[in-house]
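Residue-level listing of the chains:
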Amino acid sequence: MSTEAALAARRRSTEAALGRVRDAITRLRREKTQVSVAAVSRRADVSRTFLYSNPDARAAVAAAIAQAGEQRTRILDAQDDEREATWRERALNAEGALKTAHNEITAQRARIGELLGQVRDLQSEWTEEAIQRITTENTTLKQRVRQLTADNRALAERLEAARSNNRFADRRIAQLEAQLTDNTSSR
């Protein structure tokens, strides 16, 4: 009889431990904490040996870990889908911008071609005599600019000298007036 009582007590203890293991797994899921053998062992207050040796406990922990892995995989897949969607959107936006840029480049090339044609047309209208006349006028104008610049510089120097002389004269007049005032007051 005592053996049967010991076996019954052991069964009750094992069932109680299994209940704590299931409760611990439920709490870990609810708290969204990672399910592992160590975490279940701590929460259920059972040994890791019990979790590895008891087939029901081992199956419950393995199922919880697998389910958590599946959930994590689903979350990662969802995140990957979101990233892929944003990359797809970016790629489409880049493709649209590239198409717009290509069209703009084509339009600019056409405009450059038109302008180069106009330049060639203008160059062909100039005769050798007109080019010589314009070159001569340009040279004459450059010489005139140089002459005017030199004249301007000379006039600026003369103006500065006149201003300096004027300042000197003002000081000299002020000195003479002061002397005159001293002479008249001393008489």
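Going by the structure above, here's the rest.
Residues numbered from 1 in each chain as written. Predicted model: local features only at pLDDT ≥ 70, side-chain atom pairs only at ≥ 80, totals over all residues. Heavy atoms only, no water.

## Let's talk about the overall build of the chain
For clarity, the threshold we go by: Segments assigned H or I by DSSP are reported as helices when at least four residues long, segments assigned E as strands when at least two residues long, and all are numbered from the N terminus. Here the globule rule reads 2.2 Å times residues to the power 0.38, and the radius of gyration is calculated from C-alpha atoms.
Within the chain one finds five helices and zero strands. Of the regular secondary structure in the chain, the N- to C-terminal order runs α-α-α-α-α. Here the C-alpha radius of gyration of the chain, 52 Å, is well above what a compact globule of 187 residues would show, namely 16 Å. In terms of its C-alpha atoms, the chain occupies a principal-axis envelope of roughly 150 × 85 × 20 Å.

## Focus: helix α1 (residues 2-30)
In an α-helix, one turn spans 3.6 residues; hence positions three or four apart end up facing the same way. Where we set the bar: In this scheme, a helix's expected span is set at 1.5 Å multiplied by one less than its residue total.
Between its terminal C-alpha atoms α1 stretches 41 Å, which fits the 42 Å expected from 29 residues at 1.5 Å a residue. Two residues or fewer past α1, Lys32 is found with a positive phi of approximately 55°.

## Topic: unusual backbone geometry
Keep this limit in mind: The buried label goes to any residue with under 20% of its type's maximum accessible area, the exposed label to any with over 50%, and the partly exposed label to all in between, with areas taken from a 1.4 Å probe on protein chains only.
The phi angle at Asp45 is positive, at roughly 55°, despite the residue not being glycine. Inspection of the secondary structure puts Asp45 in the loop between α2 (37-44) and α3 (48-53). Classification of Asp45 by relative accessible area gives exposed; the value is 63%.

## Re the pattern of salt bridges
When charged atoms on two side chains of opposite charge get close, those side chains can pair. Keep this limit in mind: For this document, the term salt bridge refers to a Lys or Arg side-chain nitrogen within 4 Å of an Asp or Glu carboxyl oxygen.
In this structure the tally under the stated criterion is four salt bridges. A salt bridge links Arg133 to Glu137, with the shortest nitrogen-to-oxygen separation between them at 3.4 Å. Residue Arg133 and its partner Glu137 are located together in helix α5 (residues 128-186), separated by four residues, close to a single helical turn. Residue Glu137 is classed as partly exposed on the basis of its relative accessible area, which comes to 42%.

## Re the nonpolar core
The cut-off we apply is this: Here, nonpolar core means buried Ala, Val, Leu, Ile, Met, Phe, Trp, Tyr and Cys residues that are tied together by side-chain atoms lying within 4.5 Å of each other. Two residues qualify as a contact provided that any one of their heavy atoms is within 4.5 Å of a heavy atom in the partner residue.
Ranked by size, the top nonpolar core spans 17 residues in total, and within it Val21, Ile25, Val40, Val46, Phe50, Leu51 and Val61 carry the most contacts. When contributions to this core are tallied by element, the ones reaching two or more residues are α1, α2, α3 and α4 (55-125). Among the elements that take part in this core, α1 stands out by supplying six residues, more than any other. The contacts of Val40, once residues within four sequence positions are left out, are Val21, Ala24, Ile25, Leu28, Val35, Asp45, Leu51 and Val61.

## Details of a nonpolar patch on the surface
Stated precisely, the cut-off is as follows: Residues enter patches when their relative accessible area tops 30% and they take part in no salt bridge; the joining distance is 9 Å for like charges and 5 Å for the nonpolar side chains Val, Leu, Ile, Met, Phe, Trp and Tyr. Every accessible area reported is derived by Shrake-Rupley at a probe size of 1.4 Å, with residue values counting cover from the shown protein chains alone.
A surface patch of nonpolar side chains, amounting to about 370 Å² of accessible area, comprises Leu122, Trp126, Ile131 and Ile134. Inspection of the secondary structure assignment puts Ile131 in helix α5.

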